[in-house]
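Residue-level listing of the chains:
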Amino acid sequence: MEFLSPSTLEEALEAKSAHPDGVPIMGGTDVMVELNFDKRRPETLIDLARIPELAEWGPDGEYTRLGAGVPYTRIIENLQKQAPALARASRTVASPQIRNRGTVGGNLGGASPAGDTHPPLLATDAVIELASVRGRRTVAARDFYLSFRTTALQPDELITAILLPAPKGPQQFLKIGTRNAMVISVAGFSLSLDAENRTVGTGLGSVGPTPMRAEAAEEFLTAEFDWESGSVPSEATVRRFGELVASAARPIDDQRGSADYRKHSMSVMARRALSWSVTEYRKGATRCA
Amino acid sequence: MRVNLNVNGEDMTAENVWPGESLLYVLRERLGLPGSKNACEQGECGSCTVYFDGVTACSCMIAAGQAEGRRIRTVEGLAEESGKGSDKKLDTVQDAFVEAGAVQCGFCTPGLLVQTDDLLERTVGQGKPAPDDAEIREALAGNLCRCTGYEKIIDAVHLAAERRAASGSNA
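Residues numbered from 1 in each chain as written. Chains lettered and ligands numbered in written order. Predicted model: local features only at pLDDT ≥ 70, side-chain atom pairs only at ≥ 80, totals over all residues.

Caption draft 1: Structural view of the overall build of chain A. From N to C terminus, chain A includes eleven helices and 13 strands. Relative to its length of 289 residues, chain A is compact, with a C-alpha radius of gyration of 19 Å against a globular reference of 19 Å. Considering only C-alpha atoms, chain A reaches an extent of 60 × 45 × 30 Å along its principal axes. Across the 289 residues in chain A, those meeting the buried criterion constitute 51%. The long-range fraction of contacts in chain A, counting pairs at least 24 apart against all pairs at least 6 apart in sequence, stands at 66%. (Helix = DSSP H or I, 4+ residues; strand = E, 2+ residues; numbered from the N terminus. Rg over C-alpha atoms; globule rule 2.2 N^0.38 Å. Buried ≥ 20, exposed ≤ 12 C-beta atoms within 10 Å, placed from the backbone. Contact = placed C-beta atoms within 7 Å.)

Right under this line is the structure:
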């Protein structure tokens, strides 16, 4: 096994281009499990931890640019205002030790449908920046997940950053698991209301081969929600929203939970997220008035 | 490959390292520092917790090559701060664990000590209030004790926090 330690992004992209099968490693919280258990023996490991650009974040036009290698702890400490749902999701990841190392770039690279950061990225319409020696390009999170653990990332590309749109309304993230820490999500849900464009975003995790949106639920709530004053939706509306979110889920039975339970939990989380969001939206509406 | 790193203040070199092995393996098997324990090898248990460039991490999930040039502090390095050589005294956290009876089989203890030290550094060490039960449970959520002696462990953290706050710093 070859271990490459590029110190600039250019070197890293050249390394990835020369070794398309090379496995990038940053926090190591996924990659090392595979190595420790002999599930993977890549010919090349490409350590990205020495590339300053990947560990930085800051404003970038209408977005916050989050380097793909920023650990969850930094996101929780620094980006609660800029990315509330992502910061919440980051708080639910594993344990302090793992949050000190794990990154959103790693979540995207591994592309497990249970990854905690996928639902907020989908709900908030975040954009993923990919780079290779051929240049940089951006892909909307909503177009990134193609099939089980397969994404738009090409073999010669690295995930360099995530562009997080400035929040324009309430954002929520909820997750079901057996305890508060060290939980691989049984089901996760994120909701984002955009008061400016009057649109709704959703993200569903652990309930299908890829992270996914509930587009029918988004359309339904976009049409039903009282964007003007944020009045509390009727019980029927809330219930219907929950049903539509649950019906988008395509879960399987596995050791973490049954498909039925996951669907049910999805409708419960969707209703809760909606009611929390409405409360927050009304506060925002009062402030603006 | 060869890996140069600083462990507990001392520059060390590990030879003949296989690039895919973990920092934990390097510490235990190549540098003779068996304090960090090898249990789950997947970040679930926290027994291998060390400071990696000042931040706690599971050393089983750091590739050896990633440790090149980095500063590591292991459980063996906790006591060093209190004294030198044969006068080496246990750290406040270690003393508190002993006194509170927070050690049963002892396998999880090194990881808990390092993670507790970090919690105290980030709270009383910076003049902030001592952590309450909820903060302690949150900070130690990634450290499993299969003897399930958690209550005594939490007692020990309270005790250590009190003493460290009283001493004014991590003296």
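Caption draft 2: Focus on the overall build of chain B. Scanning chain B from N- to C-terminus turns up six helices and five strands. If you list the helices and strands of chain B from N to C, you get β-β-α-β-β-β-α-α-α-α-α. For a compact globule of 171 residues, the expected C-alpha radius of gyration is about 16 Å, and chain B comes in at 16 Å, within 12% of that figure. Oriented by its inertia axes, the alpha-carbon framework of chain B measures out at about 45 × 35 × 30 Å.

Caption draft 3: Focus on the domain arrangement of chain A. All names here are of chain A. Annotation of chain A at the domain level lists domain 1 (2-165) and domain 2 (171-288). Computed over C-alpha atoms only, the centres of domain 1 and domain 2 are separated by 25 Å. The interface of domain 1 with domain 2 comprises 23 residues on the first partner and 24 residues on the second. Counting only elements with at least two residues in the side of domain 1 that touches domain 2, the list comes to helix H4 (84-91), helix H7 (118-123) and strand E8 (145-147). Classifying every residue of the side of domain 1 that touches domain 2 gives 13 nonpolar, six polar and four charged. (Domains from an automatic or database assignment. Nonpolar A, V, L, I, M, F, W, Y, C, P; charged D, E, K, R; others polar.)

Caption draft 4: Layout of the pairing of strand E13 (residues 199-205) of chain A. Residues and elements named next belong to chain A. The element E13 is largely enclosed, with a buried count of six among its seven residues. Pairing analysis gives seven bridges linking strand E12 (residues 187-194) to E13, with the strands arranged antiparallel. Within the sheet, the bridge partner assigned to Leu 193 lies in E13 and is Val 200. Hairpin connection, E12 to E13: the antiparallel pair is bridged by four residues, and Arg 198 has positive phi, about 55°. (Pairing = 2+ DSSP bridges.)

Caption draft 5: View of the environment of Gln97(A). Along the chain, Gln97(A) turns up in helix H5 (residues 96-99). When the C-alpha atoms of Gln97(A) and Asp21(A) are compared, they prove to be 29 Å apart, with 76 residues separating the residues in sequence. Residue contacts for Gln97(A): discarding those within four places in its chain leaves Gly46(B), Thr49(B), Thr56(B), Ala57(B), Cys58(B) and Gly142(B).

Caption draft 6: Spotlight on the nonpolar core. Ile162(A), Phe189(A), Leu204(A), Val245(A), Met266(A), Ala270(A) and Val26(B) are the most contacted members of the largest nonpolar core, which totals 128 residues. Ignoring anything within four residues of it in the chain, the contact list for Ala270(A) reads Phe189(A), Ala217(A), Phe241(A), Gly242(A) and Val245(A). (Core = buried A, V, L, I, M, F, W, Y, C linked by C-beta atoms within 7 Å.)

Caption draft 7: Structural view of the pairing of strand E5 (residues 63-67) of chain A. Residue and element names in this part refer to chain A. Sheet topology places strand E4 (residues 57-60) next to E5; four bridges connect them, and they run antiparallel. Residue pairing across strands places Trp 57 opposite Leu 66, the latter belonging to E5. Following E4, the chain reverses through two residues before pairing antiparallel with E5; Gly 61 in that reversal takes a positive phi of roughly 60°. Pairing between E5 and strand E10 (residues 158-165): five bridges, direction antiparallel. Bridged to Gly 67 within E10 is Ala 161.

Caption draft 8: Spatial organisation of the packing of helix H3 (residues 92-100) of chain B against helix H6 (residues 150-166) of chain B. Residue and element names in this part refer to chain B. Running from amino to carboxyl end, H3 crosses H6 at an angle of 135°, the nearest separation of the two axes being 8 Å. It follows that H3 is oblique to H6 by the angle criterion. For the crossing formed where H3 meets H6, the hand is right-handed. Contacts between H3 and H6 pair Thr 92, Val 93, Ala 96, Phe 97, Glu 99 and Ala 100 from the former with Lys 152, Asp 155, Ala 156, Leu 159, Ala 160, Arg 163 and Arg 164 from the latter. Looking at the contact of H3 with H6 residue by residue, the class counts come to seven nonpolar, one polar and five charged. (Axes fitted to C-alpha atoms, helices over the stretch in contact; angles between N-to-C directions. Parallel < 35°, antiparallel > 145°, perpendicular 65-115°, else oblique. Left-handed = near helix turned anticlockwise from the far one by under 90°.)

Caption draft 9: Seen up close, the interface of chain B and chain A. Taken residue by residue, the interface counts 25 residues in chain B and 25 residues in chain A. Ranked by the residues each element gives to the side of chain B that touches chain A, the list is headed by strand E4 (residues 55-58) of chain B, at four residues. Broken down by class, the residue content of the side of chain B that touches chain A amounts to twelve nonpolar, ten polar and three charged.

Caption draft 10: How the structure looks around the domain arrangement of chain B. Residues and elements named next belong to chain B. Domain annotation for chain B reports domain 1 (3-74) and domain 2 (81-166). Between the C-alpha centres of domain 1 and domain 2 the distance comes to 21 Å. Counting residues at the interface gives 13 residues for domain 1 and ten residues for domain 2. By residue number, the principal contributor to the side of domain 1 that touches domain 2 is strand E3 (residues 49-52), which donates three residues. Partitioned by chemical class, the residues of the side of domain 1 that touches domain 2 number five nonpolar, six polar and two charged.

Caption draft 11: Region of the structure containing unusual backbone geometry. Residues and elements named next belong to chain A. Here the phi dihedral of Ala 94 falls at roughly 40°; this positive angle occurs in a residue that is not glycine. Here Ala 94 shows up in the loop between H4 and H5. Residue Ala 94 is classed as buried on the basis of its 22 C-beta neighbours within 10 Å. Non-glycine residue Ala 111 carries a positive phi angle of around 55°. Structurally, the position occupied by Ala 111 is in the loop between helix H6 (104-110) and H7. Given 20 C-beta atoms within 10 Å, Ala 111 falls into the buried group.

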